[in-house]
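So the chains spell out like this:
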Amino acid sequence: MEPILRIVQYSMLPLSDLVRKIRTDLQQSLVEGAELYGKKDGHVQACKVVKVLDEEAGKAQYEVAWRDDAKMNDSAVVGEEDLIHKKLPFGREVLKSYIRKCTYRSLPWVVHHNLASKCGIPTDPPEELKSKISFLNGYIVTNKKRKKNAEGNLGNNKRNRQESDTLANGDESVKYPIDDLLVQPGDDDPVFTDRPSPSREFSTPMDCVGDLLMVWNFCSSFGRMLYLWPFSFEDFEKAMCHKDSNLALIVETHAALFRLLIKDEGDYYRVFQQRKRKPKISLITWTEYLCDFVEMTSISDLTTHIPTIKRGHYGLLDTPIKLRILKELVDRAIATDVVREKLDEYLEERHALAAAKRGEALEEGKKKREAKERLRAVSETNGAVLEPNSDTVENLCNGQNLGNGTIAEKMSSDQNHSLSNGESDHPGGGLREKTKKLLEELERSKEQRKEFLEKEMEKRVIRTNTLGKDRDYNRYWFFRRDGRVFVESSDSSQWGYYNSKEELDALMGSLNPKGERERALKKQLEKHYPRICKELQKRSKDIDQKIGIEDSVVRRSTRVRASPKDNPALAFLKYSNKWKVLMG
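For clarity, every value in this text was computed on a predicted model and none was experimentally measured.

**Some points on the overall build of the protein**
- Regarding its fold elements, the protein presents 24 helices and 13 strands.
- By sequence separation, contacts in the protein at least 24 residues apart represent 61% of the contacts at least 6 residues apart.
- Accessible surface for the protein amounts to roughly 32,300 Å². Of this, 49% is attributable to carbon and sulfur atoms.

**Here we look at the nonpolar core**
- By size, the foremost hydrophobic cluster in this structure holds 63 residues, and its most contacted members are Leu226, Phe236, Ile250 and Phe486.
- Two domains each provide a minimum of three residues to this core, namely domain 2 (206–335) and domain 3 (466–553).
- When sequence neighbours within four positions are dropped, the list of residues in contact with Phe236 reads Leu212, Val215, Trp216, Phe231, Leu249, Ile250 and Leu326.
- Counting residues in hydrophobic clusters, the runner-up holds 20 residues, among them Leu15, Trp109, Cys119 and Ile121.

**As for the packing of helix α11 (residues 248–264) against helix α12 (residues 267–274)**
- Interhelical geometry of α11 versus α12 gives an angle of 95° and a closest axis separation of 7 Å. Classed by the angle they form, the pair α11 and α12 counts as roughly perpendicular. Here Phe258, Leu261 and Ile262 of α11 lie close against α12, whose contacting residues are Tyr268, Tyr269 and Phe272.
- In the contact of α11 with α12, the residues fall into 6 nonpolar, no polar and no charged.

**A word on helix α10 (residues 233–241)**
- Taken together, the buried positions of α10 are Phe233, Asp235, Phe236, Glu237, Ala239 and Met240.
- Contacts from the buried residues of α10 go to α8 (209–221), α11, α16 (319–334) and β12 (485–488).

**Observations concerning the pairing of strand β3 (residues 59–68)**
- Taking burial as the measure, the 10 residues of β3 include 7 buried ones, the bulk of the element.
- The pairing of strand β2 (residues 43–56) with β3 spans 7 bridges and is classified as antiparallel. Note on β3: the bridge partner recorded for Cys47 is Trp66.
- The antiparallel hairpin formed by β2 and β3 contains 2 residues in its connecting segment, where Ala57 sits at a positive phi of about 55°.

**Some points on unusual backbone geometry**
- That bond from Tyr176 to Pro177 is cis: its omega, 5°, falls within 30 degrees of zero.
- Inspection of the secondary structure puts Pro177 in the loop between α7 (157–169) and α8.
- Its identity is not glycine, yet Tyr10 carries a phi of approximately 65°, on the positive side.
- Summarising the element assignment, Tyr10 is placed in the loop between α1 (2–8) and α2 (15–28).
- Assessed through its relative accessible area of 9%, Tyr10 is described here as buried.

**Topic: the sheet that holds strand β11 (residues 475–478)**
- Spatially, the 4 strands line up as an open sheet ordered β10-β11-β12-β13, and their pairing is antiparallel. Every other strand in the sheet has two partners, leaving β10 (468–469) and β13 (495–498) as the edge strands with one partner each.

**A word on the pattern of salt bridges**
- Throughout the structure, instances matching the rule amount to 27 salt bridges.
- Across the pair Glu288 and Arg277 runs a salt bridge, and its minimum N-O distance is 3.2 Å. Taken as a pair, Glu288 in helix α13 (residues 286–297) and Arg277 in the loop between α12 and α13 lie far apart in primary sequence, 11 residues in all.
- With a relative accessible area of 36%, Glu288 lands in the partly exposed category.
- Taken together, the shared-partner salt bridges in this structure form one network comprising Arg275, Arg277, Glu288, Asp292 and Glu295.

**A closer look at the environment of Glu56**
- With respect to the helices, strands and loops of the structure, Glu56 is situated in strand β2.
- By relative accessible area, which is 53% here, Glu56 ends up exposed.
- Taking the C-alpha atoms as reference points, Glu56 and Gly79, 23 residues apart in sequence, are found 9.1 Å from one another.

**Section: the confidence of the model for the protein**
- Summary statistics for the protein give a mean pLDDT of 79 and a share of 73% for residues scoring 70 or more.
- In the model, residues 145–172 has pLDDT below 50 throughout and makes 32 contacts with residues more than four positions away in sequence or in other chains.
- Counted against residues more than four places away or in other chains, residues 393–412, with its pLDDT under 50, gives 49 contacts.

**With respect to the pairing of strand β1 (residues 35–40)**
- Here β1 pairs with β2 via 6 bridges, running antiparallel. Of the residues in β2, the one forming a bridge with Lys40 is His43.
- The antiparallel pairing of β1 with β2 creates a hairpin that spans 2 residues between the two strands, and Asp41 there sits at a positive phi of about 55°.
- Two strands pair when backbone bridges link them, and β1 and strand β5 (residues 83–84) are joined in this way by 2 bridges, in the antiparallel orientation.

The rules we used
Residues numbered from 1 in each chain as written. Predicted model: local features only at pLDDT ≥ 70, side-chain atom pairs only at ≥ 80, totals over all residues. Heavy atoms only, no water. Helix = DSSP H or I, 4+ residues; strand = E, 2+ residues; numbered from the N terminus. Contact = heavy atoms within 4.5 Å. Areas by Shrake-Rupley, 256 points an atom, 1.4 Å probe, with all protein chains shown as cover. Core = buried A, V, L, I, M, F, W, Y, C linked by side-chain atoms within 4.5 Å. Buried < 20%, exposed > 50% of the residue type's maximum accessible area, 1.4 Å probe, protein only. Domains from an automatic or database assignment. Axes fitted to C-alpha atoms, helices over the stretch in contact; angles between N-to-C directions. Parallel < 35°, antiparallel > 145°, perpendicular 65-115°, else oblique. Nonpolar A, V, L, I, M, F, W, Y, C, P; charged D, E, K, R; others polar. Pairing = 2+ DSSP bridges. Salt bridge = Lys/Arg side-chain N within 4 Å of Asp/Glu carboxyl O. pLDDT = per-residue confidence, 0-100.

The structure is reproduced here in structure tokens:
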């Protein structure tokens, strides 16, 4: 993190150029903790950079610890020419997402204060930037942005001061949107609703929620590749907190990730071979693979728990420890060639689907012109003035081809049918009826095609992006497999969620479009509103159904002893990886 954030802090490069610079710098210079390969006694062996030494004769020197059987052995000082660089464990898109998450503004890019302090990143801007930026309410604002609404000579210092006063006082001459922290109440503001407080009912500790969501989202998004049947976030959360050491949901999740690492033939694969483990991972043997992995990480906070796991008491580990092991597994899984190849495949397929959507948009434009010309021709034939209005043309052209015929052929067929039935006595009457039916059919076809393309795009998920940020830099997330809208605080220390359509409406009504962040967030919420509402309503029905089942179980248990697993709240105990059954 630290080397990346040092490059990011106060950089004036566009995002793509910044990512390119970071990747180049990290490839050319090594940092402490970097894992790679080195030449030892004529052989190539895994190692880890322990310390970066001073250059000798213009060449970098490094102290490395040699890794053997997942353990650190003796160390040595080697030159850069004796080290073999590994591919970076992240791609360009992952790095872009990370930069956006760690910064609160761009050009210059500025890292969040708490994160900068934690990593020892300087927060004072360099001298060459001090003339271009200034601070307001503790946040950086570029002077260029302050100047852009000023009239006349932009270089006039007096005007610059007036512009600063204008922004601070909320004068009507401000051109919105501006930075949210600069927005002041105005007379023309609509009535904003009170922002609802998000629910914070989680089974896991609050500082675990973010990592828990990340692990669950990865397993859900790549379930087919992992041969892991999907499970809900609530079930995953309850399973992680449960004290049973051999829960099927937990065992299958770990086993799927182990199989992926073995298939990648990386460090874990070598340990797997050295320990002569069997390919099949079962409820009885899965902790052996787990101990191998924890030992391989050489993370002291985790390796101290190996004896507990070996004694069969994995379930007694604290939830943060269980989650940290899983997160480490997922981090390594993301860096495998198998996942990278799958992401590349998804990316190509998404590009193809996007091209198909653009092609259909062009086709719809052609249909619009065709429909307009045909309607005019039909109106002239019938001797009636039927100038096509915009709604008719728009609706008519937005559909798909019917059968193998074009719109013109369909209209011509309908016209001939109308004339043969004597409908020409009422100019436009039969045509309007036929056009109405045609529009309905075209509209259904259009919606079906649009829904199909969207579903295909969703199947090929590359990453989950935030919906946006509010005035205070809180981030909003929507996971399509959960249905709720999650809220992450700016420092990632607090999480919450909105669970109903009413809360979503209140949230949208509280956003001020005069601010850049809240304007963008509101736009994204409006774009995804139908889908989010659909998922929220579906979730509410499922909850009502579960409550009904729970009540019936309670009533029945007063008469007959019912199995605890019949309770929907304990559904995670009944998890079964159906992919294993399908794959035999």
